[in-house]
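Reading the structure
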Amino acid sequence: MDILDRQIRLYLTRLSSSTLTVAQSRRAVALLEASRDLESIGDIIDRNLMPLAVKRITKGLMFSEEG
C-alpha cells in the first residue's frame, strides 16, 4: 500500500502541475485524500489485524468461511 500510495501521489502531483480545470483540480485533491485514507487503512490492518491472524493460525485455529 505504501508503494501504491507514493506512486499515486507522485502522479497526481505531476498532473496538478499542468493546467487543470477547477473540477479536475478538486477531483485530484479528492483522489489524494482517498489514497491517503486507503494507505492509513492498510497500516491499521498491518499493525493490528495481521498479528491477530498470525496468532490464530499459529495456534491452529481456523477462520470460518464467513471470517
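First, a word on scope: everything that follows refers to the structure included in this document. Just so it is clear, the model here is predicted, and its values are computed rather than measured.

The rules we used
Residues numbered from 1 in each chain as written. Predicted model: local features only at pLDDT ≥ 70, side-chain atom pairs only at ≥ 80, totals over all residues. Heavy atoms only, no water. Helix = DSSP H or I, 4+ residues; strand = E, 2+ residues; numbered from the N terminus. Polar contact = N/O pair within 3.5 Å; in protein donor to acceptor, adjacent residues only side chain to side chain. Contact = heavy atoms within 4.5 Å. Salt bridge = Lys/Arg side-chain N within 4 Å of Asp/Glu carboxyl O. Buried < 20%, exposed > 50% of the residue type's maximum accessible area, 1.4 Å probe, protein only.

1. Overview of the side chain of D5
By the secondary structure assignment, D5 is in helix α1 (residues 2-16). At 2.6 Å, the side chain of D5 and the side chain of S35 are in polar contact. When near neighbours in sequence (up to four residues on either side) are disregarded, D5 contacts S35, R36 and E39.

2. Examining the pattern of salt bridges
Tallied over the entire structure, the rule returns two salt bridges. Its salt-bridge partner being D5, residue R9 comes within 2.9 Å of it at the nearest N-O pair. With a gap of four residues between them, R9 and D5 both fall in helix α1, about one helical turn apart. With relative accessibility at 8%, the residue D5 sits in the buried group. Taking the shortest distance from any N to any O, the salt bridge between D37 and R36 comes out at 3.8 Å.

3. Here we look at the environment of E33
Tracing the chain through its elements places E33 in helix α2 (residues 22-58). Relative accessible area serves as the criterion here: at 39%, E33 is assigned to the partly exposed category. The spatial distance from the C-alpha of E33 to the C-alpha of R9 is 9.5 Å, given a sequence separation of 24 residues.

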